[in-house]
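Here is how the chains run, residue by residue.
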Amino acid sequence: MTDKVYVLSNDFDYSKLIARDAGPGYAESFGWPQAHLRDMARFQAAVNIIDNRLTAAECAALEAYITSHPRTLFLLKVVDPYYEWCQTHWYYQFLFRVKDLAQVFFLTPYWPREVVQDLDLATLQQKMVWIPYPFDDQFALPQVQTERRRKIVFSGNQHPQVYPYRYRFRRAVKRNPLLWSALHTLPHPGYADIGQQHRHQVIGAQYLDYLSGFRFMFVSPSRCGLEFLKYGECAYAACVPVGKAPDSFSARVKEFFVELDFDRIGQSVGRLLTMSETEVEQRAAGYRQVLWQERRADDWNAYLDGFLARVVG
């Protein structure tokens, strides 16, 4: 396996993250050793995978460092693609400034869309690699269904333009009193890393424990069809995934996913809640099994090694 090091910000407080989609947790899920920007000089012979939570000052310093180290490979992580949030952000502006340097490449956990697709196209689709969030079986909880509530657990940011499926589903349920008892909503905890106050501490392992009290979990992509970390968390908690599958799911994974009709939410939920115990168990177990098979960290590390071998020559 190609030597890699995951490079963290010196200044960002990773303890404020509510999920393992960046920072130390993300590196651990792939088994990558970690270092900070201040330590990079020790890892010039390794592929330096750069975390995306950098300050503006760190981006400027990193740009100078990359320019002065043409023999070191840099794999810059890019996540959110939304024009309104990302186009003028310092990190994305930094990515576009260094995109043509021969030693610079990009890693994304999502299929390229919007700003990220623009970056991919600007580099002739030769410099970006898609590596989805891996399935880490250390987080998998027992699959027993009998003591779970026959409800749909729902959580997540409900911005109507960015997360239209969550917004439509929640609005449809609110407007139909017959569906109120079918849904359990966990408020979003808030993003402490960007200065928001925490509403609750049901995050991390506590979040998975919470989910495991329900048979069904609503999961959906953003408007860009992205495979969020929530899809894996649904599998860890052994819930049946309901809502909308991301663009990146294979046909095998989709076999166990319950797609809702967003124009007929009442009918969709009604059919869901009459699902037999056998089907509930088969869908929850099958979804976890296939997602584990297709999202193993070792397989994706090997895929990344192949990509690096091709682009470096």
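Preceding block: the structure.
So, here's what we can say about the structure.

Another point: the pattern of salt bridges. Scanning the model with the defined rule gives 16 salt bridges in all. Note that glutamate 294 is salt-bridged to arginine 252, the shortest N-O span being 3.1 Å. With a gap of 42 residues between them, glutamate 294 in helix H11 (residues 277–294) and arginine 252 in helix H9 (residues 251–254) connect regions that are remote in the sequence. Note on glutamate 294: relative accessible area 19%, which makes it buried. You can call arginine 252 partly exposed: its relative accessible area is 39%. With a closest N to O distance of 2.8 Å, glutamate 279 and arginine 283 form a salt bridge.

Glancing now at helix H5 (residues 114–122). Every buried residue belonging to H5 is among Glu114, Val115, Val116, Leu119 and Asp120, and all of these are buried. Taken together, the buried residues of H5 touch helix H3 (83–86), helix H4 (90–98), strand S5 (104–108) and strand S6 (128–130). Where H5 terminates, the next one or two residues include leucine 124, which has phi positive at roughly 60°.

Backbone-to-backbone hydrogen bonds join strands into a sheet, with any given pair of strands oriented parallel or antiparallel. Read from one edge to the other, the open sheet built from five strands follows the order S8-S7-S9-S10-S11, with strand pairing classed as parallel. The open sheet has two edge strands, strand S8 (183–186) and strand S11 (258–259), and neither has a second partner. Relative to strand S10 (residues 240–243), strand S9 (residues 214–219) is paired through four bridges, and the arrangement is parallel. Among the inter-strand pairings, phenylalanine 216 is bridged to a residue of S10, identified as valine 240. Of the strands in this sheet, strand S7 (149–155), S9, S10 and S11 touch helix H10 (residues 265–273), which is tilted by about 135° from S7.

Take the state of the cysteines next. Evaluated as defined, the whole model comprises zero disulfides. In this structure cysteine 86 is not part of a disulfide, and its nearest cysteine sulfur, from cysteine 224, lies 9.2 Å away. Exposure remark for cysteine 86: the relative accessible area of 3% places this residue in the buried category. Cysteine cysteine 239 remains unbridged, with the sulfur of cysteine 234 as its closest cysteine sulfur at 5.1 Å. A residue is classified by how much of its surface remains accessible, and cysteine 239, at 0% relative accessible area, is buried.

Another point: the side chain of glutamate 233. For glutamate 233, the position within the fold is in helix H8 (residues 229–236). For the buried glutamate 233, which has no salt bridge, the nearest side chain bearing the opposite charge is lysine 230, at an N-O separation of 4.8 Å. In this structure, glutamate 233 is in contact with Tyr207, Leu208 and Leu211, ignoring residues within four places of it in sequence.

Here we come to the pairing of S10. Across the two faces of S10 the burial is the same, with Val240 and Val242 and Pro241 and Gly243 all buried. In this sheet, S11 lies alongside S10 in parallel orientation, the contact comprising two bridges. Residue pairing in the sheet places glycine 243 in a bridge with glutamate 259 of S11.

Another point: the nonpolar core. As a rule of thumb, nonpolar side chains are buried together in soluble globular proteins. Counting 55 residues, the largest nonpolar core has Trp32, Tyr287 and Leu304 as the members making the most contacts within it. If near-sequence neighbours (up to four positions away) are discounted, leucine 304 is found in contact with Lys4, Trp32, Ile49, Leu75, Leu107, Val129 and Ile131. Listed in part, the 27 residues of the second largest apolar core include Leu37, Leu62, Cys86 and Leu95.

Cut-offs applied
Residues numbered from 1 in each chain as written. Predicted model: local features only at pLDDT ≥ 70, side-chain atom pairs only at ≥ 80, totals over all residues. Heavy atoms only, no water. Salt bridge = Lys/Arg side-chain N within 4 Å of Asp/Glu carboxyl O. Helix = DSSP H or I, 4+ residues; strand = E, 2+ residues; numbered from the N terminus. Buried < 20%, exposed > 50% of the residue type's maximum accessible area, 1.4 Å probe, protein only. Contact = heavy atoms within 4.5 Å. Pairing = 2+ DSSP bridges. Axes fitted to C-alpha atoms, helices over the stretch in contact; angles between N-to-C directions. Disulfide = S-S within 2.5 Å. Lys, Arg positive; Asp, Glu negative; His and termini not counted. Core = buried A, V, L, I, M, F, W, Y, C linked by side-chain atoms within 4.5 Å.

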